[in-house]
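# Structural features, examined
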Amino acid sequence: MGDANHGFAAGRLHWRTRLIAPGPMAPPGFHSLAPAVHRGSTVVFDRLGDAVDDWRQAERYTYGLYGTPTTLELGLRIKALDGGYHCVVAPGGQAAIALVFMAYCRAGSHVLVPGSVYGPTAELAEDLLAGFGVEVERYDPLIGGAIASRIRPETSLIWCESPGSITMEVQDVPAIVAAARARGVAVALDNTYAAGVLFDAFAHGVDVSVQALTKYVGGHSDILLGTVSVANGAAYETVGRAHRLVGMAVSPDDCALALRGLQTLGVRLDRLERSTLTVARWLKERAEVAAVLHPALPDCPGHEIWARDFTGSASVFSIVLKDDWTAARTARFVDALRLFRIGFSWGGVTSLVMAYPDSARLGARRERLVRLNVGLEEPADLIDDLRQALELGTVPVKSL
Ligand SMILES: *Cc1c(COP(=O)(O)O)cnc(C)c1O
């Protein structure tokens, strides 16, 4: 293959035909350290008999949608890190989540979703899936083994996310898995906080582990990608079949950036953990702060479970300001920050801040809850930034 001369003398073909030249002219044998970017929709075969289209043979090439060497390389590397059976790549974390729900739910299914779940996951379940006849029930993220009483004959999936988005509850995933297994129900985990490495999803028994590579694996706020790793062949039958049908094409260029991000994930996570703990512990001492919801600190619901099940902590956490902080005062604090940029998402090199005053599930604390993501800036500078903004936020409105 790669020979432009399929029985024709190349030199006698018209130049227009030769422009469509199929094969490379550059010599083979380039072995680089950089991930190769293979773009392509159509895959060509030597013989018709080779044109087999079977999603179960996941490591063959049939069509660009189902994998190029770059997209499969990323899936295989995440699978190896997760210790799973297989991994498919999706165009974002949210796409990966949607894929899992579509794979496990049918009209009449019942699914259990923690109250602390990532907002768009809740909306996906309660808006789109409910419209397809799926019954979605919220559960207390700290429910643990008591989830058993919520499982019904028609329960098709238990969703976990640990720690929870914004409110940071660490879930007792092994206890939930034990209850689910006893009833033959699959458990899926959004493992984005752990970057797929700080919590070993499959060693703790989950069937499906989802990650937004957008966060730590990408690591530089410049790509959107997600993965769905499955623990075993049964989970792959469910997820692989759905993946095949929903057309979740991923950009090989983005996958190459994620492959590059993987190479520095270890050093970034180490530094982010240390800097974040420095900032979180400083905040804990501040008079304006009622609680620091960081899994490695005792204020965080489920802290002891984090200590038991995780091998480290990451860069995102929340603070609850004291009772006398109104929404306006909180906004003044957020607006006064200079190094912490106001933005959704986390896991990149830049420190970020976001307040969630409209989030109904956050109850009475909502006006006073601020989420921070610590980046790779020097922690002393981040602390100075927080100090000046807290002190400005503390000034009563009338004296400004
Ligand atoms: C960001 C995020 C997602 C969604 O990822 P995208 O790549 O932005 O679609 C899902 N789950 C969690 C916990 C996230 O933080």
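Everything numeric here is computed off the predicted structure, so don't read it as measured data. (Residues numbered from 1 in each chain as written. Predicted model: local features only at pLDDT ≥ 70, side-chain atom pairs only at ≥ 80, totals over all residues. Heavy atoms only, no water.)

## A word on the confidence of the model for the protein chain
Note: predicted coordinates in regions of low pLDDT should not be interpreted at a detailed level. In this model, the protein chain carries a mean pLDDT of 93, and residues with pLDDT of at least 70 account for 93%. Counting interchain partners and residues more than four positions distant, the pLDDT-below-50 stretch residues 1-5 has seven contacts. (pLDDT = per-residue confidence, 0-100. Contact = heavy atoms within 4.5 Å.)

## A few points about the domain arrangement of the protein chain
Interface extent is often summarised as the accessible area lost during association of the parts. Each assigned domain of the protein chain is listed with its residue range as follows: domain 1 (66-259) and domain 2 (264-399). Between domain 1 and domain 2, the residue contacts involve 31 residues of the former and 33 residues of the latter. Of all residues in domain 1, Ile166, Leu198 and Tyr216 bury the most surface against domain 2, accounting for 29% of the area lost on that side. The interface formed by domain 1 and domain 2 holds one salt bridge in total. The shortest N-O distance in the salt bridge between arginine 308 and aspartate 172 comes to 2.7 Å. Linking domain 1 with domain 2 are eight residue pairs in polar contact (both at pLDDT 80 or more). (Domains from an automatic or database assignment. Buried area = accessible area lost by both parts, 1.4 Å probe. Salt bridge = Lys/Arg side-chain N within 4 Å of Asp/Glu carboxyl O. Polar contact = N/O pair within 3.5 Å; in protein donor to acceptor, adjacent residues only side chain to side chain.)

## Looking at the site of the ligand
Around the ligand lies a shell of 13 residues, among which Gly93, Gln94, Asp190, Thr214 and Lys215 are the nearest. Here an oxygen atom of the ligand and a backbone polar atom of glycine 93 are 2.7 Å apart. Separating an oxygen atom of the ligand from a side-chain N or O atom of tryptophan 346 is a distance of 3.4 Å. Examining the composition of the shell around the ligand, we find that three residues originate from one element, helix α3 (residues 93-104), more than from any other. Grouping the amino acids of the shell around the ligand by side-chain chemistry returns five nonpolar, five polar and three charged. (Near = heavy atom within 4 Å. Helix = DSSP H or I, 4+ residues; strand = E, 2+ residues; numbered from the N terminus. Nonpolar A, V, L, I, M, F, W, Y, C, P; charged D, E, K, R; others polar.)

## Description of the side chain of asparagine 191
Looking at the secondary structure, you find asparagine 191 in the loop between β5 (186-190) and β6 (208-212). Given a relative accessible area of 1%, asparagine 191 falls into the buried group. Excluding residues that lie within four positions of it along the chain, asparagine 191 makes contacts with Gly196, Phe199, Ala201, Ser209, Val210 and Gln211. (Buried < 20%, exposed > 50% of the residue type's maximum accessible area, 1.4 Å probe, protein only.)

## A short note on the packing of aromatic side chains
One pass over the structure, following the stated rule, counts eight aromatic pairs. Look at phenylalanine 101 and tryptophan 159: their rings are 4.7 Å apart centre to centre, the planes differ by 20°, and that puts the pair in the stacked class. Here phenylalanine 101 is found in helix α3, whereas its partner tryptophan 159 is found in strand β4 (residues 155-161), with 58 residues between them in sequence. By relative accessible area, which is 0% here, phenylalanine 101 ends up buried. Aromatic ring contacts, followed pair by pair, group Tyr193, Phe199 and Phe310 into a single cluster. The ring of tyrosine 66 has arginine 244 sitting right over it, with the charged end atom 3.7 Å from the ring centre. Here the basic side chain of arginine 329 rests over the ring of tryptophan 325, its NZ or CZ set 4.6 Å away from the ring centre. (Phe/Tyr/Trp six-rings, centres within 6.5 Å; stacked < 30°, edge-to-face > 60°. Lys NZ or Arg CZ within 6 Å of the ring centre and 35° of its normal.)

## A short note on the sheet that holds β4
If you trace the seven strands from one edge of the open sheet to the other, you get β1-β7-β6-β5-β4-β2-β3, paired in mixed fashion. The open sheet has two free edges, formed respectively by β1 (86-90) and β3 (135-139), since each of these has just one partner strand. In this sheet, adjacent strand axes meet at a mean angle of 20° when their direction is disregarded. Two elements, strand β2 (residues 110-114) and β3, share five bridges in a ladder whose sense is parallel. Across the sheet, the residue bridging to valine 113 is arginine 138, located in β3. Sitting on the sheet, helix α4 (residues 119-131) is in contact with β2, β3 and β4, with an inclination near 140° to β3. (Pairing = 2+ DSSP bridges. Axes fitted to C-alpha atoms, helices over the stretch in contact; angles between N-to-C directions.)

## Section: the sheet that holds strand β12 (residues 369-373)
Across the sheet, which stays open at both edges, the five strands sit in the order β8-β9-β12-β11-β10 with mixed pairing between neighbours. The sheet is open, and its two edges are formed by β8 (289-293) and β10 (341-342), each paired on a single side. Two strands pair when backbone bridges link them, and β10 and strand β11 (residues 352-355) are joined in this way by two bridges, in the parallel orientation. Opposite isoleucine 342, over in β11, you have valine 353 as the bridge partner.

## Quick word on a nonpolar patch on the surface
Side chains of Trp15, Leu19 and Ile20 sit close together on the surface and give an oily, nonpolar patch of about 390 Å² of accessible area. Mapped onto the elements of the fold, leucine 19 is located in helix α1 (residues 15-19). Note on leucine 19: relative accessible area 63%, which makes it exposed. (Patch = residues over 30% accessible without salt bridge, like charges linked within 9 Å, V, L, I, M, F, W, Y side chains within 5 Å. Areas by Shrake-Rupley, 256 points an atom, 1.4 Å probe, with all protein chains shown as cover.)

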